[in-house]
Amino acid sequence: MKNPAPAIFPPNGIGDARPTNQAVLDWVHEIAALTEPENIFWCDGSDRENEFLIAESLKQNVLIKLNQKKVPHSYLHRSDPNDVARVEQFTFVCTPTKEEAGPTNNWSEPKETYAKLRALLKGAMRGRTMFVIPYMMGPPDSPLTKIGFEITDSKYVVLNMRIMTRMGEIAVKRLGNDPNAEWNRGTHSLLDINPERRFICHFPQDNTIISVGSGYGGNVLLSKKCLALRIGSYLARKQAWLAEHMLILGVESPEGNKHYVAAAFPSACGKTNFAMLIPPKHFEGWKVTTVGDDIAWMQVRDGRLYAINPENGYFGVVPGTSYKSNPNAMQAISHDTLYTNVALADDGDAWWEGKDGDPPQHAIDWRGNDWTPASKEKAAHPNSRFTTPMRDNPALDPDVEKGEGVPISAIIFGGRRSDTVPLVYESFNWPHGVYLGATMASETTAAATGAVGRVRRDPMAMLPFCGYNIGDYFQHWLDMGKRLTNPPLIFNVNWFRKGVNGQFLWPGFGENMRVLKWIIDRCDGTGGALKSPIGWLPSPHDLDLVELDIDHKCVAEILGIDHEEWQRELAAHKEFFDSLGGVMPEQLLEQREQLAARFME
Ligand code: GTP
Ligand code: SPV
Ligand code: MN
């Protein structure tokens, strides 16, 4: 391969962490020859580089400076109004056969897709700078840690990747010079931010991602959903581990008894909030710590499941975040934070629906228009986000850098369900727990484009993120269970059940500690429960509800199972399994039969 034609930029020594691995260099040169950028910027992730890129972004209106007294080192980015969430309908898994992608993924043929994307990328970076971002997913000394390179023509992507991943020299070093080393190649170009030319394509067999036409979050921070989940899940099956859409938290009793739990909730269904939970006053001395808020990579060691958080920062939902709902997040995002699509108050502060205090009398909304409390439109987009380093979370777990990960005592599945699904219940065993995950459903949210509030099956919260055939994924979960001599217990939770008046029955947020406590008690063998057709259910006295202002009727209602609703639920499980065709593991079909039979007892 010849040297790339484009100049190195900037010339003053910033941004020159050049990869040393020839395979990476060859690939970068190939993409440069295709996209024809004016400059190549080899990102090193240094402070100096970051300051330079922020200054450039301010000049070019990619960022708006927030009031530095109120939110030091923090900036606002407004994405194109047509580009504010993940686009599941334009997300593709490009395996050689359609069967490998399976019934839940959009599939397109790899060769044709490469050709189509190459045509779109041809000359796409003319007159622009091409950034090469080396990044590492996972702590430096973990066997699960992966290396990726993202090529992008977006400064906003570089600034975000620096927060979300371990970026720069550290990744280049870890990869080394072995031409056969495993690393992910990610190419991103904004093109013209046209929804008709927006494609997020994954080539699992090639460990390759190509994303074009978007500048938003999960579409373009290729480390996150694309590598850590879609490509990650594909590699995980091959390499016998798990890549999951899960938070990881630690919970420690006043006596120092500590457990870790991992929880899969769909997008915008409470992972970040649960991971940063502050126990209510009644639980004085209890401590909840965060390992991760979105993604867990898990491996089997000595018959136990161990989890790492591959990320380095949080890309979290802003609306609803307040000192009341999530004080840890509020502290973390009070400085050194990139805000995307929130409102800009006249005093230069960021504002969003659900923030503490009164709304400003006037603000500029996420689209850049005037806004007042009388406006019909929201000031912040419902999927507006913060990007903030995990280091700034006051509740960060001390073992977040531990290479072997943290041992998982419980796995929790949960969706956003107005009805049917009780506050919490426990599976009878691992295969039954896998069934709970496989049949999870949730009301859709603003995290993806499309209708909001529609109940859909979202197995293990991975519907949009599983990089291969979902039937094989379920089988992989069942197989992993066989290797666990000391498996985590598996639970299902629902913070979002509503009463007849349409209000949430459960206060949620910090009060979820009460549910977490029961889960821990079950792990320790001390929690009480009743056997029900759907699993082990706490009765009201099994939950610690002291000092909780809640109606006894509400508690009974939220812990109850309605047989008519569950007949509909069972039918929905069948319908979902049927829609997957022949890929369903026999064992899960049997689980459904057994569940139906238990309702007949
Ligand atoms: P992604 O980053 O999209 O994967 O989302 P997430 O699962 O981390 O969701 P997050 O914690 O950001 O919560 C999303 C929304 O759910 C916010 O609007 C929260 O206010 C709301 N939410 C979170 N926890 C609770 C809860 O316990 N009860 C209720 N009622 N709402 C909650
Ligand atoms: C999600 O949608 O689950 C997210 C946000 O965590 S994004 O990175 O945009 O996918
Ligand atoms: Mn997520």
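Residues numbered from 1 in each chain as written. Chains lettered and ligands numbered in written order. Predicted model: local features only at pLDDT ≥ 70, side-chain atom pairs only at ≥ 80, totals over all residues. Heavy atoms only, no water.

A.B. asks: Can you tell me about the coordination of the manganese ion (ligand 3), naming the residues and giving the values?
C.D. replies: The protein atoms that coordinate the manganese ion (ligand 3) are Lys-225 (NZ), His-245 (NE2) and Asp-294 (OD), at distances spanning 2.2 Å. One can describe the donor arrangement at the manganese ion (ligand 3) as octahedral, given that its 6 donor atoms subtend angles of 74 to 176° at the metal. (Donors = N, O, S within 2.8 Å, 3.2 Å for Na, K, Ca; no water. Tetrahedral: all angles 85-135°; square planar, octahedral: opposite > 155°, others 65-115°.)

A.B. asks: Which residues make up the confidence of the model for the protein, and what are the values?
C.D. replies: Per-chain confidence: the protein averages 96 in pLDDT, with 97% of residues scoring 70 or above. Per-residue pLDDT stays below 50 along residues 1-5; that stretch engages in 6 contacts with residues further than four places along the chain or on separate chains. (pLDDT = per-residue confidence, 0-100. Contact = heavy atoms within 4.5 Å.)

A.B. asks: Quick rundown of the site of ligand 1? Include the residues and the values.
C.D. replies: Near ligand 1 lie 21 residues; those nearest to it are Ala-268, Lys-271, Thr-272, Asn-273 and Arg-385. Between ligand 1 and Ala-268 there is a distance of 2.7 Å, counted from an oxygen atom to a backbone nitrogen or oxygen. At 3.2 Å from an oxygen atom of ligand 1 is found a side-chain nitrogen or oxygen belonging to Arg-416. When the free accessible area of ligand 1 is taken as 660 Å², the share hidden by the protein chains comes to 90%. Broken down by secondary-structure element, the contributors of at least two residues to the shell around ligand 1 are helix 9 (271-275) and strand 19 (313-317). In terms of residues, the shell around ligand 1 owes the most to one element, helix 9, which gives 3 residues. Its residues assigned to classes, the shell around ligand 1 comprises 10 nonpolar, 7 polar and 4 charged. (Near = heavy atom within 4 Å. Polar contact = N/O pair within 3.5 Å; in protein donor to acceptor, adjacent residues only side chain to side chain. Areas by Shrake-Rupley, 256 points an atom, 1.4 Å probe, with all protein chains shown as cover. Helix = DSSP H or I, 4+ residues; strand = E, 2+ residues; numbered from the N terminus. Nonpolar A, V, L, I, M, F, W, Y, C, P; charged D, E, K, R; others polar.)

A.B. asks: Let's hear about the site of ligand 2: which residues, and what values?
C.D. replies: Near ligand 2 the following residues occur: Arg-86, Gly-217, Gly-218, Lys-224, Lys-225, His-245, Ser-267, Asp-294, Phe-315, Arg-385, Ala-447 and Phe-465. Relative to its unbound accessible surface of 280 Å², ligand 2 loses 98% to contact with the protein. Put simply, the parts of the chain that give the shell around ligand 2 at least two residues each are helix 7 (217-220) and helix 8 (223-239). Looking at the shell around ligand 2, its residues break down into 3 nonpolar, 4 polar and 5 charged.

A.B. asks: Run through the sheet that holds strand 3 (residues 64-65), naming residues and quoting values.
C.D. replies: Sheet strands pair via backbone hydrogen bonds, and the direction of the pair is either parallel or antiparallel. Here we have 5 strands laid out as an open sheet, ordered 3-4-20-25-19, and mixed in their pairing. Of all strands in the sheet, those with a lone pairing partner are strand 3 and strand 19, marking the two edges. With 5 bridges joining them, strand 19 and strand 25 (residues 385-389) adopt antiparallel strand pairing. Opposite Val-317, over in strand 25, you have Arg-385 as the bridge partner. The strands that helix 5 (residues 155-164) touches are strand 4 (75-77), strand 19, strand 20 (338-340) and strand 25; relative to strand 19, the one it contacts most, it runs at about 115°. (Pairing = 2+ DSSP bridges. Axes fitted to C-alpha atoms, helices over the stretch in contact; angles between N-to-C directions.)

A.B. asks: Just give me the short version of the environment of Pro-459, but keep the residues and values in it.
C.D. replies: Mapping Pro-459 onto the fold places it in the loop between strand 29 (455-457) and helix 12 (470-482). For the pair formed by Pro-459 and Asn-309, sequence separation is 150 residues and the distance between their alpha carbons is 21 Å. Setting aside chain neighbours within four positions, we find Pro-459 in contact with Gly-437, Ala-438, Met-440, Ile-470, Phe-474 and Phe-576.

A.B. asks: Quick rundown of the sheet that holds strand 24 (residues 370-371)? Include the residues and the values.
C.D. replies: The strand order across the open sheet built from 4 strands is 22-21-23-24, with neighbouring strands paired in antiparallel fashion. Looking at the sheet topology across the chains shown, the edges are occupied by strand 22 (350-351) and strand 24. Direction of pairing for strand 23 (residues 363-364) relative to strand 24: antiparallel, over a ladder of 2 bridges. Paired with Ile-364 across the strands is Asp-370, a residue of strand 24.

A.B. asks: Describe empty space enclosed by the protein, and please don't skip the residues or the numbers.
C.D. replies: Summed over the entire model, instances satisfying the criterion amount to 1 cavity of 30 Å³ or more. If you add up the space inside the largest cavity, you get close to 160 Å³. Elements supplying a minimum of two residues to the lining of the largest cavity: helix 11 (430-438), strand 30 (489-493) and helix 15 (563-579). Partitioned by chemical class, the residues of the lining of the largest cavity number 10 nonpolar, 6 polar and 3 charged. (1 Å grid on protein atoms, 1.4 Å probe; cavity = no way out; pocket = protein on both sides within 12 Å on 5 of 7 lines; lining within 4 Å. Points joined across faces, edges and corners; volume = space filled by probe spheres on them.)

A.B. asks: Can you break down the pairing of strand 26 (residues 406-414) residue by residue, with the values?
C.D. replies: In terms of burial, strand 26 is a largely internal element, 8 of the 9 residues being buried. Examined bridge by bridge, strand 18 (residues 304-308) and strand 26 share 2 bridges and lie antiparallel to one another. Pairing of Ala-307 across the sheet is with Val-406, part of strand 26. (Buried < 20%, exposed > 50% of the residue type's maximum accessible area, 1.4 Å probe, protein only.)

A.B. asks: Tell me about the pairing of strand 12 (residues 208-212), and name the residues and values.
C.D. replies: Burial of strand 12 is extensive: 5 of the 5 residues sit out of reach of the surface. The side-chain alternation of strand 12 yields two buried faces, one formed by Thr-208, Ile-210 and Val-212 and the other by Ile-209 and Ser-211. Examined bridge by bridge, strand 10 (residues 184-189) and strand 12 share 5 bridges and lie parallel to one another. Counterpart to His-188 in the pairing with strand 12 is Ser-211. Examined bridge by bridge, strand 11 (residues 199-203) and strand 12 share 5 bridges and lie antiparallel to one another. Residue Cys-201 lies in a different strand from strand 12, and its bridge partner there is Ile-210. Taken together, strand 11 and the strand that follows it, strand 12, pair antiparallel across an intervening segment of 4 residues, in which Asn-207 is found at a positive phi of about 50°.

A.B. asks: I'd love a proper account of helix 12, names of residues and values included.
C.D. replies: Here helix 12 is 13 residues long and its end C-alpha atoms lie 19 Å apart, about the 18 Å a rise of 1.5 Å per residue gives. Buried within helix 12 are the following residues: Ile-470, Gly-471, Tyr-473, Phe-474, His-476, Trp-477, Leu-478, Met-480 and Gly-481. A distance of 2.8 Å separates the backbone nitrogen of Gly-471 from a side-chain oxygen at the start of helix 12, and that oxygen is part of Asn-469. (Expected span 1.5 Å × (residues − 1).)

A.B. asks: Explain the state of the cysteines residue by residue, including any values.
C.D. replies: All chains considered together, the criterion is met by 0 disulfides. No disulfide involves Cys-466; its sulfur sits 14 Å from the nearest other cysteine sulfur, which is in Cys-226. (Disulfide = S-S within 2.5 Å.)

A.B. asks: Describe in detail the packing of helix 15 against helix 16 (residues 586-600), supporting the description with residues and values.
C.D. replies: Remark: helix 15 packs on helix 16, axes separated minimally by 11 Å, with the N-to-C direction vectors making an angle of 165°. For the element pair helix 15 / helix 16, the angle class is roughly antiparallel. For the crossing formed where helix 15 meets helix 16, the hand is left-handed. Residues His-563, Trp-566, Gln-567, Leu-570, Ala-571, His-573, Lys-574 and Phe-577 of helix 15 pack against Leu-588, Leu-589, Arg-592, Leu-595, Ala-596 and Phe-599 of helix 16. The residue inventory of the contact of helix 15 with helix 16, partitioned by class, reads 9 nonpolar, 3 polar and 2 charged. (Parallel < 35°, antiparallel > 145°, perpendicular 65-115°, else oblique. Left-handed = near helix turned anticlockwise from the far one by under 90°.)

A.B. asks: How would you explain the side chain of His-573 if you had to name every residue and give the values?
C.D. replies: Checked against the element boundaries, His-573 lands in helix 15. Given the relative accessible area of 2%, His-573 is considered buried. Setting aside anything within four residues of it in sequence, one finds His-573 in contact with Tyr-435, Thr-439, Arg-457, Trp-566, Arg-592 and Leu-595.

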